[in-house]
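Per-entry structural report
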Amino acid sequence: MEITKGVRLHFIQSEKFKTNKIRVRFSAPMSKETVAGRVLTASMLETVNAVYPTSQAFRERLANLYGADYSTSLSRRGLVHYLDINLSFVRDKFLSRKNVLTDAMLDFLKASLFSPLVSQDAFDESAFEIEKKNILNDLEAEIENHFYHAHRELDKLFYEEEEMQMPRVGTIELIQKETAASSFAAFQQMLQENQIDFFFIGDFNEVAVREKIQSFNFAPRQQELQLVYQQEYSNVLREGLEQKDVHQSIIELAYHFPIQYGESEHLPLVVLNALLGGFAHSKLFVNLREREGLAYTISSNFDIFSGMMRIYAGIDRSNRTRTVALINRQILDLKRGNFSQEELNQTKKMLRNSVLLAQDRQNTILERAYMASVLGNKFLSLEAWLKALEQVRKDDIIKAAGLLKLQAIYFMEGK
């Protein structure tokens with residue numbers, strides 16, 4: 001349901017959960033110029049506004065709304081950056097008066113968006129500096145997380161586009177450059193230009209909610225968004241080596257694949273990844289960690305929207321060569337079909353169970369609704385996805401594995 005061009009409402013009526021949830025998603029191109037301003041805006045939005053100008057007043061109001069929750073989050077897909085506002089509150093069924101709480105939560109949201117705590121076209125300086133300091137502290141702590149650092153370094157090696165190398169939360173350097181004025185400008189750009197999706201899951205009066213959102217008076221907008229990023233494979237293997245004063249070394253490998261969402265090899269790739277490194281029975285876990293004792297931790301994952309499969313492991317530095325050789329052996333085994341029908345059936349069963357379990361989470365349902373809206377006919381319903389999963393055969397796995405090509409290796413050498 002579009003209330004104006006580029007602003008859409010999505011209703012998922014459900015009595016499955018005790019709480020209602022509202023998510024407001026602001027979608028924009030991933031950009032070095034705006035990412036830091038959006039990160040700081042997200043932090044400001046969940047802390048104070050002109051109606052509730054202190055953190056205490058802000059939280060007290062939520063407490064008075066039967067312990068409602070209000071938070072922001074940042075994520076990305078391909079070359080799209082998301083800023084989400086999440087509101088969760090008890091359903092009307094458990095209250096004596098109807099539609100009161102939804103109305104109050106939308107008023108709270110409206111205050112955040114249209115009554116920010118500002119002074120002369122800039123966020124309030126003192127509140128802004130507190131949030132900026134907190135974000136910088138969080139980013140410094142992230143960098144101390146050695147796997148986070150290794151993931152970033154592999155991204156830099158693998159991706160050719162600067163925007164694809166950039167984390168969803170920006171960098172310390174970009175955050176440091178932001179001011180109260182530049183972040184407020186990024187916030188205004190977000191309100192005026194971003195694609196906006198409102199998701200409502202739970203028990204809602206759709207007519208009343210639509211009228212309320214229309215009163216926000218969003219201007220029409222048209223945002224060009226590139227959900228899928230695909231780069232060409234290069235014959236040059238990109239390698240990175242870094243020495244750090246840490247006890248555990250980390251090896252990361254990035255494989256290029258040309259498969260896109262909804263293509264015939266998509267579901268086989270899902271099964272392949274689960275068979276390779278997604279579960280406790282997977283090849284990487286059993287052969288490298290359990291049998292050979294080479295890895296403290298090892299796993300694989302892939303991003304269908306950016307064409308990269310990542311394998312990462314925590315190892316002793318002396319095991320680097322042997323670990324890489326054995327990882328490559330697992331990939332080669334998949335390409336040659338060296339896995340049993342029993343392994344394949346077990347993997348499909350575990351994937352099915354994990355997908356069905358995820359349907360008990362509001363976030364999963366909201367995310368599926370978003371994907372359905374942006375992917376259109378390419379999007380598979382839950383029933384269609386499960387049916388397609390069952391139809392994946394051994395030959396499909398072999399074909400998908402044949403499309404994997406090693407593109408980058410990063411090694412963090414510890415003591």
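Now for a description of the structure that goes with this document.

Attention now goes to the sheet that holds strand S7 (residues 238–243). An order of S7-S11-S8-S10-S9 is seen for the 5 strands of this open sheet, with the pairing classed as mixed. Edge positions in the sheet fall to S7 and strand S9 (295–303), since each has one partner strand and no second. Strand-to-strand twist across the sheet, computed as the mean angle between neighbouring axes with direction ignored, equals 10 degrees. Both S7 and strand S11 (residues 405–413) contribute to a ladder of 6 bridges, which runs parallel. Bridge assignment links Gln243 to a residue of S11, and that residue is Glu413. In this fold helix H10 (residues 266–278) packs onto S9 and strand S10 (308–315), with an angle of close to 170 degrees to the strand it touches most, S9. Against the sheet, helix H11 (residues 283–291) makes contact with S9 and S10, and its axis sits at roughly 160 degrees relative to S9, the strand it touches most.

For the rest of this paragraph, the subject is the packing of aromatic side chains. Taken as a whole, this structure holds 23 aromatic pairs when the rule is applied. Ring geometry for Phe114 against Phe218: centres 5.7 Å apart, planes inclined by 50 degrees, an arrangement best described as tilted. Of the two residues, Phe114 is situated in helix H3 (residues 100–114) and Phe218 in the loop between helix H9 (206–214) and S7; the sequence distance between them amounts to 104 residues. Exposure remark for Phe218: the relative accessible area of 9% places this residue in the buried category. Here Tyr261 and Phe305 contribute two aromatic rings whose centre-to-centre distance is 5.9 Å and whose plane-to-plane angle is 10 degrees, an arrangement assigned as stacked. Of this pair, Tyr261 sits in the loop between strand S8 (249–256) and H10 while Phe305 sits in the loop between S9 and S10; the two residues are 44 residues apart in sequence, bridging distant segments of the chain. There is no split in this pair, since Tyr261 and Phe305 are both buried.

Moving on: the pattern of salt bridges. Enumeration over the complete set of coordinates arrives at 17 salt bridges. Salt-bridge contacts for Arg8 lead to Asp197; the nearest nitrogen and oxygen are separated by 2.8 Å. Taken as a pair, Arg8 in strand S2 (residues 7–13) and Asp197 in strand S6 (residues 195–202) lie far apart in primary sequence, 189 residues in all. Accessibility assignment for this pair places Arg8 and Asp197 in one class, buried. Note that Arg25 and Glu367 form a salt bridge whose closest N and O atoms lie 2.8 Å from each other. Taken together, the residues Arg25 in strand S3 (residues 19–29) and Glu367 in helix H14 (residues 362–375) connect sequence positions 342 residues apart. No difference in accessibility class separates Arg25 from Glu367, as the two residues are buried. Each of the salt bridges in this network shares a partner with another, and the network as a whole consists of Arg23, Arg25, Arg77, Asp84 and Glu367.

Rules of the game
Residues numbered from 1 in each chain as written. Predicted model: local features only at pLDDT ≥ 70, side-chain atom pairs only at ≥ 80, totals over all residues. Heavy atoms only, no water. Pairing = 2+ DSSP bridges. Helix = DSSP H or I, 4+ residues; strand = E, 2+ residues; numbered from the N terminus. Axes fitted to C-alpha atoms, helices over the stretch in contact; angles between N-to-C directions. Contact = heavy atoms within 4.5 Å. Phe/Tyr/Trp six-rings, centres within 6.5 Å; stacked < 30°, edge-to-face > 60°. Buried < 20%, exposed > 50% of the residue type's maximum accessible area, 1.4 Å probe, protein only. Salt bridge = Lys/Arg side-chain N within 4 Å of Asp/Glu carboxyl O.

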